[in-house]
Amino acid sequence: MTIDLDVAAVRTARPRKPLRDRGEDAVPAHHDRRAMWLDAYRGVRDETERRAAPLSAEDQVIQSMPDASPTKWHRAHTTWFFEQFLLGPKLAGYQRFDERFAFLFNSYYVAAGPRHARPQRGLITRPDASEVAAYRQHVDAAVVQLIETASDAALDDVLPIIEIGLHHEQQHQELILTDILHAFAQNPTAPAYDAAWSWPRQHGGDGFVTIDGGVYTIGHAGSGFSFDNEGPRHEVLLQPVRLARALVTNGEWLAFMQDGGYETPALWLSDGWTHAQSEGWAAPGYWRMVDGAWCALTFAGLTPIDPAAPVCHVSYYEADAFARWAGKHLPSEAEWEVAARTDELADAFGTVWQWTRSAYAPYPGYRAAEGALGEYNGKFMVNQMVLRGSSLATPAGHARVTYRNFFYPPHRWQFMGLRLADYDA
Ligand SMILES: [Fe+2]
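Because the structure is a prediction, the values reported are computed rather than measured.

Asks: How do you make sense of the coordination of the iron ion when you look at a structure like this?
Replies: Ideal geometry at a metal gives 109.5 degrees between four tetrahedral donors and either 90 or 180 degrees between six octahedral ones. Protein coordination at the iron ion comes from His 77 (NE2), His 168 (NE2) and His 172 (NE2), with a distance range of 2.2 Å. In the primary structure, the donors to the iron ion are separated according to the pattern H-x90-H-x3-H. Of the two residues, His 168 and His 172 both sit in helix α6 (residues 152–185), four residues apart, roughly one turn of that helix. An identical accessibility class is assigned to His 168 and His 172; each is buried.

Asks: Would you explain the sheet that holds strand β12 (residues 421–422) in this entry?
Replies: Sheet strands pair via backbone hydrogen bonds, and the direction of the pair is either parallel or antiparallel. In space, the three strands of this open sheet follow the order β1-β4-β12, with antiparallel pairing throughout. Each of the sheet's edge strands pairs with one partner strand only, and the pair in question is β1 (208–211) and β12. In terms of strand pairing, strand β4 (residues 241–244) meets β12 through two bridges, oriented antiparallel. Paired with Arg 242 across the two strands is Asp 422, which belongs to β12. Packed on one face of the sheet, helix α10 (residues 333–340) meets β1, β4 and β12 and runs near 70° to β4.

Asks: Sorry, what's going on with the sheet that holds strand β6 (residues 293–298) here?
Replies: Strand order in the open sheet formed by three strands is β5-β6-β7, and the pairing between neighbours is antiparallel. Edge positions in the sheet fall to β5 (287–290) and β7 (301–304), since each has one partner strand and no second. The sheet shows a mean angle of 40° between the axes of neighbouring strands, taken without regard to direction.

Asks: Can you help me understand the nonpolar core in this one?
Replies: If you look at soluble globular proteins, the nonpolar side chains tend to sit buried side by side. Leu 86, Leu 87, Val 143, Ile 162, Trp 253, Trp 355 and Leu 418 are the most contacted members of the largest nonpolar core, which totals 98 residues. In terms of residue count, the dominant contributor to this core is α6 (13 residues). Ile 211, Leu 243, Ala 340 and Ala 348 belong to the second largest nonpolar core, which has 16 residues in total.

Asks: Looking at this structure, how should I read the pairing of β4?
Replies: Along any regular strand the residues' side chains alternate between the sheet's two faces. With four bridges connecting them, β1 and β4 associate as antiparallel partners. For Val 209, the partnering residue across the bridge sits in β4 and is Leu 243.

Asks: Even after reading the chapter, I still don't get the environment of Ser 270, so can you show me in this structure?
Replies: Assignment of secondary structure puts Ser 270 in helix α8 (residues 270–279). Exposure remark for Ser 270: the relative accessible area of 58% places this residue in the exposed category.

Asks: Is there a simple way to explain the side chain of Ser 391 in this structure?
Replies: Counting through the fold element by element, Ser 391 comes out in the loop between β9 (385–388) and β10 (405–407). For Ser 391, the side chain forms a polar contact with the main-chain nitrogen of Ala 393, separated by 2.9 Å. The residues touching Ser 391, leaving out its near neighbours within four places in the chain, are Glu 174, Gly 350, Thr 351, Val 352, Trp 353 and Phe 415.

Rules of the game
Residues numbered from 1 in each chain as written. Predicted model: local features only at pLDDT ≥ 70, side-chain atom pairs only at ≥ 80, totals over all residues. Heavy atoms only, no water. Donors = N, O, S within 2.8 Å, 3.2 Å for Na, K, Ca; no water. Helix = DSSP H or I, 4+ residues; strand = E, 2+ residues; numbered from the N terminus. Buried < 20%, exposed > 50% of the residue type's maximum accessible area, 1.4 Å probe, protein only. Pairing = 2+ DSSP bridges. Contact = heavy atoms within 4.5 Å. Axes fitted to C-alpha atoms, helices over the stretch in contact; angles between N-to-C directions. Core = buried A, V, L, I, M, F, W, Y, C linked by side-chain atoms within 4.5 Å. Polar contact = N/O pair within 3.5 Å; in protein donor to acceptor, adjacent residues only side chain to side chain.

Right, here's the structure in full:
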């Protein structure tokens, strides 16, 4: 089976209805509301299985590094999320599929109890892939029952949990792809996830988007879904700045490499230089020299580098060094959001996440949610950097202009790239 990861094709696999009203819709009649949420639930759950379908049982067990998780674990963990936070507390008489799964498939929710060590997820051969499929079906049947039979009042209480569960599962859908690509990159035979895959076409764009200095408002507002870290909406003061319309390309990155970018310590943050040396970085992640030409492992296997395509799989440290080499800087997340709202940034979404120079920190007035789901975002707000936009692996409809992704500065196994900014406007 082949999976077409073309953005348009992924979009067709999305739920036929939005996950929630986009802010302009009246609250639908209750009957329609149930039908809409059943449709959304099934659509997202099916998309997870669609992404896992090309992978063998052996593929689904492997954990190639502590930060990546096995496909089978992603499929089970997203299911546990509904069991833990929705069915256990909200569906009377719900019987857990297997009491042991809470320990195996809890990720980081301390309030939800003890959990298996993250770096050892790849050691779990049982339950096998077919048992995980049965686990998913068991939970799906219960969630459908809950949506269909809950009283209207109970539904008001239940739907926000289903909603965050679906957005959570979409985040793991992206990780299914990035984690298996990392695993395949360890394989000397360079397996293909989908031999027919190709990079999404870029829109490109020349020059810069100019942002005047002044006070702007960023962050999420309105009734549509957002994660808690996207608010509160608040004012920021920007200096005059301009952001490149286009993403940095492989061709530009090759110029950086040929100019000694990876051998010039003055271009690097101290921590970045240390990482580059200890990891032996001399090119972006997954790049290999083959018969004198650079190739990269992609979903289609090992393919020649396209100089016009956006550079990908670079860490924050590398992106920062490149920006210094180019005499520019990485935009702050506020600069990025203000520029993106002009709709003049090319490829802001759907190709590569874009590193910003902003530390992942709470917005003014941020308070984590009450209860176990309060662990979702807030406790990670230290030592990581924000990325904006979305990537080719992000499920269509998942990203927003206010979306804040975050990773540690050395990470580069996600679809991470950059666009430059300049204060010399
Ligand atoms: Fe999770």
